[in-house]
Amino acid sequence: MGDDGRYVVINGRRWRATDPAIPEDRRAELTRILMAWRREVRRTKGTAAEARARAGVHAAKVALGERGSPPWWEQTDRQRRTRWQTHVPMPGD
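All of the points below concern the structure found in this document. In this text the structure is predicted, and so the values were computed from the model without any measurement. (Residues numbered from 1 in each chain as written. Predicted model: local features only at pLDDT ≥ 70, side-chain atom pairs only at ≥ 80, totals over all residues. Heavy atoms only, no water.)

Examining the pairing of strand S2 (residues 13-16)
Summarising the sheet, strand S1 (residues 7-10) and S2 pair through four bridges and their orientation is antiparallel. Paired with Val8 across the strands is Trp15, a residue of S2. Taking the residues that link successive antiparallel strands as the turn, the S1-S2 hairpin has two residues, and the phi of Asn11 there is positive, at about 50°. (Pairing = 2+ DSSP bridges. Helix = DSSP H or I, 4+ residues; strand = E, 2+ residues; numbered from the N terminus.)

Describing the packing of aromatic side chains
Counted under the stated rule, the structure contains two aromatic pairs. Measuring from centroid to centroid gives 5.4 Å for Tyr7 and Trp73, while their planes differ by 65°, and the two rings are edge-to-face. Of this pair, Tyr7 sits in strand S1 while Trp73 sits in the loop between helix H2 (50-64) and helix H3 (77-85), and the two are 66 residues apart along the sequence. For Tyr7, a relative accessible area of 22% corresponds to the partly exposed category. Between Trp72 and Trp73, the aromatic rings sit 5.2 Å apart at their centres with planes inclined by 85°, giving edge-to-face as the arrangement. Taken together through their ring pairs, the aromatic side chains of Tyr7, Trp72 and Trp73 make up a single cluster. (Phe/Tyr/Trp six-rings, centres within 6.5 Å; stacked < 30°, edge-to-face > 60°. Buried < 20%, exposed > 50% of the residue type's maximum accessible area, 1.4 Å probe, protein only.)

Okay, here's the thing in structure tokens:
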């Protein structure tokens, strides 16, 4: 993780870190949803359903604070809470 906690470095590439304010149970739930969508991307690769799977990955990453604008460290506490409480469906929902 970077010195400021906002980024992680993996294989020399910088990625936005998960919002540390997300309650552990919600973070775990969103991570499970993200991984399910990533499996769905692999399963649907090259088909019309791939776009929906990629949108699911994006929605989960936004909820985790790993994507989206403004970044989590520029959001108010209320904005951050609203972001991670937003419903993110599992594949098949």
